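Breakdown of the fold
Residues per chain are reported as follows:
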Amino acid sequence: MEKEILNAKKIIDDSTNVTVLTGAGISAESGIPTFRGENGLWRNFRSEDLATPEAFSKDPQLVWEWYEWRRKIVRDAKPNPGHYALAELENQIPTFTLITQNIDGLHQLAGSRNIIEMHGNLWQVRCTKCGKIEHNHEVPFKELPPMCNKCNSIGRPNIVWFGEIIPMTIIDSALIAIEKCDVMLIVGTSGVVEPAASLGLIAKQTGKPVIEINLERTPNSGLYDLSIFGKSGEILPLLYSKKTHLN
Ligand code: BJW
Ligand code: ZN
């Protein structure tokens, strides 16, 4: 593993434009359950049963209770060394883009700035009728489901569910970041949910080196230039040179 880490470090050191894609694995060491691990279950429901517009139409209360449970976990969580390492990398590299599938906001808390949230944000509620988006940090909610303060219709999480389309502006920004980067890092994602799963492959097809950091192999592992298996909170801090801003 030491050899892979040195190789990855060299590629990153030689880069002036880095794009990173993160998934639930980077927040695992902060105590936030991943989706496809055994800890990803809530009351015996899988995320695929709850993160859909159909589940919300059928039982909005149930879906909101799931999100309320997750909001409590995230409220009590702190960024871990993996999040901080990416924030530090952003300080050291002239152009840096962080594409995340996570909705937990821990990258922002760690200090990352240029972030593209592909799947939305846990702290935003969107009105199902007028579309107004409100920031809401209540845990627990004063009323569940939360209602729109403009038109009093039911609110939903401002999150992209299965079968829903990610706004084109977000996909475009992610593709531009990939097109312009010198290297792409893929951290803590199982690589099964599209379209995020294809981003690393797009980078690869356009000739960019792609480095994966994941606890275990994924279906895409063999396709990348370098795979480093282990905890992202332990590996990411090893991947950048500890430069001061003066040199
Ligand atoms: C560690 C670690 C440590 C642990 N250190 N690592 C093409 C083919 C087939 C299907 C589709 C397709 N295109 C679209 C689809 C349908 C669907 C899809 O992809 N389904 C698949 C399951 C097959 N995609 C969609 O519906 C998307 N919409 C779309 O494409 O619209 C157009 C369209 C619509 C309909 C048909 C066709 C086209 C929208 C996807 C939205 C995903 N939303 C979710 C949930 C909502 C958010 C929420 O409530 O949180 O987002 S799903 C869930 O999975 C969540 C995550 O962001 C996402 C990805 O999961 P992630 O991050 O990879 O987590 P895990 O748990 O899977 O993996 C964690 C990894 O970390 C593991 O590998 C561990 O080993 C590792 N790990 N500890 C490092 N310490
Ligand atoms: Zn409204």
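The text that follows walks through the structure, step by step, so that each part is easy to find. Computed from a prediction, not measured in an experiment: that's the story for all the values here. Along each chain, residues carry numbers from 1 onward, in the same order as the chain's sequence is written. Just so you know, chain letters begin at A and ligand numbers begin at 1, following the order they were written in. Totals for whole chains, interfaces and linings use all residues, but because this is a predicted model, local features are given only for residues with pLDDT of at least 70 and pairs of side-chain atoms are given and counted only at 80 or more. With hydrogens and water set aside, each side-chain value is computed from the structure's full complement of heavy atoms.

Some words on the sheet that holds strand β9 (residues 226-229)
Picture the strands of a sheet paired through backbone hydrogen bonds; they go either parallel or antiparallel. Strand pairing is defined by DSSP finding a minimum of two bridges between the two strands. Helix numbers and strand numbers start at the N terminus; a helix is a DSSP run of H or I with at least 4 residues, a strand a run of E with at least 2. The six strands lie next to each other as β3-β2-β1-β7-β8-β9, forming an open sheet whose pairing is parallel. The open sheet terminates on both sides in strands that have one partner only, identified here as β3 (115-117) and β9. The sheet shows a mean angle of 15° between the axes of neighbouring strands, direction not considered. Note that strand β8 (residues 210-214) and β9 share four bridges and pair parallel. From the neighbouring strand, I211 faces β9, where its bridge partner is L226. Contact between two residues is taken to exist if any of their heavy atoms lie within 4.5 Å; hydrogens are not considered. Angles shown run from 0 to 180 degrees and are taken between the N-to-C directions of axes, each axis being a line fitted to C-alpha atoms and, for helices, limited to the stretch in contact. Running over the sheet, helix α1 (residues 2-13) touches β7 (183-187), β8 and β9 and is turned about 125° from β9.

Notes on the coordination of the zinc ion (ligand 2)
Distances up to 2.8 Å from the metal define which N, O and S atoms are donors, and 3.2 Å serves for Na, K and Ca; water is absent from the atom set, so sites may look incomplete. The coordination sphere of the zinc ion (ligand 2) contains the protein donors C127 (SG), C130 (SG), C148 (SG) and C151 (SG), at a distance range of 2.3 to 2.4 Å. If you look at the zinc ion (ligand 2), its four donor atoms make angles of 98 to 119° with each other, and the shape they trace is tetrahedral. Every donor residue of the zinc ion (ligand 2) comes from the same chain, spaced as C-x2-C-x17-C-x2-C. Here C127, found in strand β4 (residues 120-127), pairs with C151, found in the loop between β5 (133-135) and β6 (155-159); they are 24 residues apart in sequence, far enough to count as distant. Using a 1.4 Å probe on the protein chains alone, a residue whose accessible area is under 20% of its type maximum counts as buried, one over 50% counts as exposed, and one in between counts as partly exposed. The exposure class of C127 is buried, given its relative accessible area of 5%. Four donors are marked tetrahedral only if all angles between them lie between 85 and 135 degrees, whereas four are marked square planar and six octahedral if opposite donors are more than 155 degrees apart and the other angles lie between 65 and 115; the remainder are marked irregular.

A closer look at the site of ligand 1
Around ligand 1 lies a shell of 35 residues, among which R36, Y67, R70, G163 and S190 are the nearest. What qualifies as a polar contact is a pair of N or O atoms within 3.5 Å, subject to a donor-acceptor requirement within protein and to the restriction that residues adjacent in sequence count only when both atoms come from side chains. Here Y67 contributes a side-chain N or O atom positioned 2.6 Å from an oxygen atom of ligand 1. Of all the secondary-structure elements, those providing two or more residues to the shell around ligand 1 are α2 (25-28) and α5 (60-75). Here the shell around ligand 1 gets three residues from one element, more than from any other, and that element is α5. All residues other than Ala, Val, Leu, Ile, Met, Phe, Trp, Tyr, Cys, Pro, Asp, Glu, Lys and Arg, Gly among them, are scored as polar; the first ten of these are nonpolar and the last four charged. Tallied by class, the residues present in the shell around ligand 1 amount to 16 nonpolar, twelve polar and seven charged. It suffices for a single heavy atom of a residue to lie within 4 Å of a molecule or strand for the residue to be listed as near it.

Points about α5
Over its 16 residues, α5 extends 22 Å from the first C-alpha to the last, a length consistent with the 22 Å expected when each residue adds 1.5 Å. Buried residues of α5: L62, V63, W64, W66, Y67, E68, R70, R71 and V74, and no others. Residues of α5 that are buried in the fold lie against α3 (47-50), α4 (53-58), β4 and β6. Here the expected span of a helix is defined as 1.5 Å times the quantity of residues minus one.

A closer look at the packing of helix α8 (residues 168-180) against helix α9 (residues 196-205)
The geometry of α8 relative to α9 is characterised by a closest axis approach of 9 Å and an angle of 35° between their N-to-C directions. Seen along the crossing, α8 lies across α9 with a hand that is right-handed. Here A174, L175 and I178 of α8 come into contact with α9, specifically with L199, I202 and A203. In the contact of α8 with α9, the residues fall into six nonpolar, no polar and no charged. Each crossing gets its hand from how the near helix is turned against the far one by less than a right angle, where anticlockwise is left-handed and clockwise is right-handed.

So, the packing of aromatic side chains
Here a Phe, Tyr or Trp ring, Trp counted by its six-membered ring, pairs with any other such ring whose centre lies within 6.5 Å, and the pair is stacked when the planes are under 30 degrees apart, edge-to-face when over 60, and tilted otherwise. Counted according to the given criterion, the structure contains five aromatic pairs. Geometrically, the ring pair formed by F56 and W161 is tilted, given 5.4 Å between the ring centres and 40° between the ring planes. Here W161 lies in the loop between β6 and α8 and F56 lies in helix α4, a separation of 105 residues in the sequence. Residue classification places W161 among the buried residues on the basis of a relative accessible area of 2%. Geometrically, the ring pair formed by Y67 and W161 is tilted, given 6.5 Å between the ring centres and 40° between the ring planes. Within this pair, whereas Y67 is found in helix α5, its partner W161 is found in the loop between β6 and α8, the two being separated by 94 residues in sequence. Its relative accessible area of 2% is what places Y67 among the buried residues. Each residue in the set F56, W64, W66, Y67, F141 and W161 is aromatic and connected to the rest through ring pairs, giving one cluster. Whether a charge sits over a ring comes down to the Lys NZ or Arg CZ being within 6 Å of the ring centre and within 35 degrees of the ring normal. Taking NZ or CZ as reference, R70 lies 4.3 Å from the ring centre of W66, over its face. We note R156 situated over the ring of W161; from NZ or CZ to the ring centre the distance is 3.9 Å.

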